[in-house]
Amino acid sequence: MRRAFRFAGTIGFVALSALPSAAEECQFDKAAVDGSFNQALDAIFAHQGFAWACAPYIGDGLARSNSVHIEMLLRDAGFKPADAVIKADEMNAEAKKGAELHPIGSANATRQEMVTACSQLMDEQYQKFRVARAKMIKAQCLAE
């Protein structure tokens, strides 16, 4: 019993030490918010472009549904919901047009190689988007 109490006490101490103190108030950092927003927007736009460019290999379902990430980012940045939907749709159309003008592919690549390459390209951009968005939210003092 004593061992269990000591273990629980240690866990509680470690958990409480990880919490920020009241003196560590978050300060809104506009420069960090703007920089992270731009990084996140660039990354998710590139991801959307790759999703459209890769549609011949992976189908267009991802590209059709992925604009919700653009909308989410815009809403996080303060866009009104309707404005975010409209802007996300415009950006999606721009990404689709760019993919049509600059298709990806290789005469020597198999379909599986193209699927793998597309997955890697999209994943890299999505991970950049996630990190930049998290930094933006943190700089806005909205992180929970």
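Before reading on, note that the structure itself is shown above.
Residues numbered from 1 in each chain as written. Predicted model: local features only at pLDDT ≥ 70, side-chain atom pairs only at ≥ 80, totals over all residues. Heavy atoms only, no water.

1. Things to note about the environment of Lys 97
At step 1: Within the secondary structure, Lys 97 is located in helix H5 (residues 81–101).
At step 2: For Lys 97, a relative accessible area of 53% corresponds to the exposed category.
At step 3: For Lys 97 and Trp 52, which are 45 residues apart along the polypeptide, the C-alpha to C-alpha distance reads 8.7 Å. (Helix = DSSP H or I, 4+ residues; strand = E, 2+ residues; numbered from the N terminus. Buried < 20%, exposed > 50% of the residue type's maximum accessible area, 1.4 Å probe, protein only.)

2. Looking at the state of the cysteines
At step 1: With the rule as written, the count across this model stands at 2 disulfides.
At step 2: At a sulfur-sulfur separation of 2.0 Å, the disulfide partner of Cys 26 is Cys 141. Between Cys 26 and Cys 141 the sulfur-sulfur dihedral comes to about -85°; the bridge is accordingly left-handed. Within this pair, whereas Cys 26 is found in the loop between helix H1 (2–18) and helix H2 (30–53), its partner Cys 141 is found in the segment after helix H6 (111–139), the two being separated by 115 residues in sequence.
At step 3: Take Cys 26: its relative accessible area is 42%, and that puts it in the partly exposed class.
At step 4: Taking relative accessible area as the criterion, Cys 141 reaches 27% and is therefore assigned partly exposed.
At step 5: Two residues, Cys 54 and Cys 118, share a disulfide whose sulfurs are 2.1 Å apart. Across the S-S bond linking Cys 54 and Cys 118, the dihedral sits near -95°, which makes this disulfide left-handed. With a gap of 64 residues between them, Cys 54 in the loop between H2 and helix H3 (55–58) and Cys 118 in helix H6 connect regions that are remote in the sequence. (Disulfide = S-S within 2.5 Å.)

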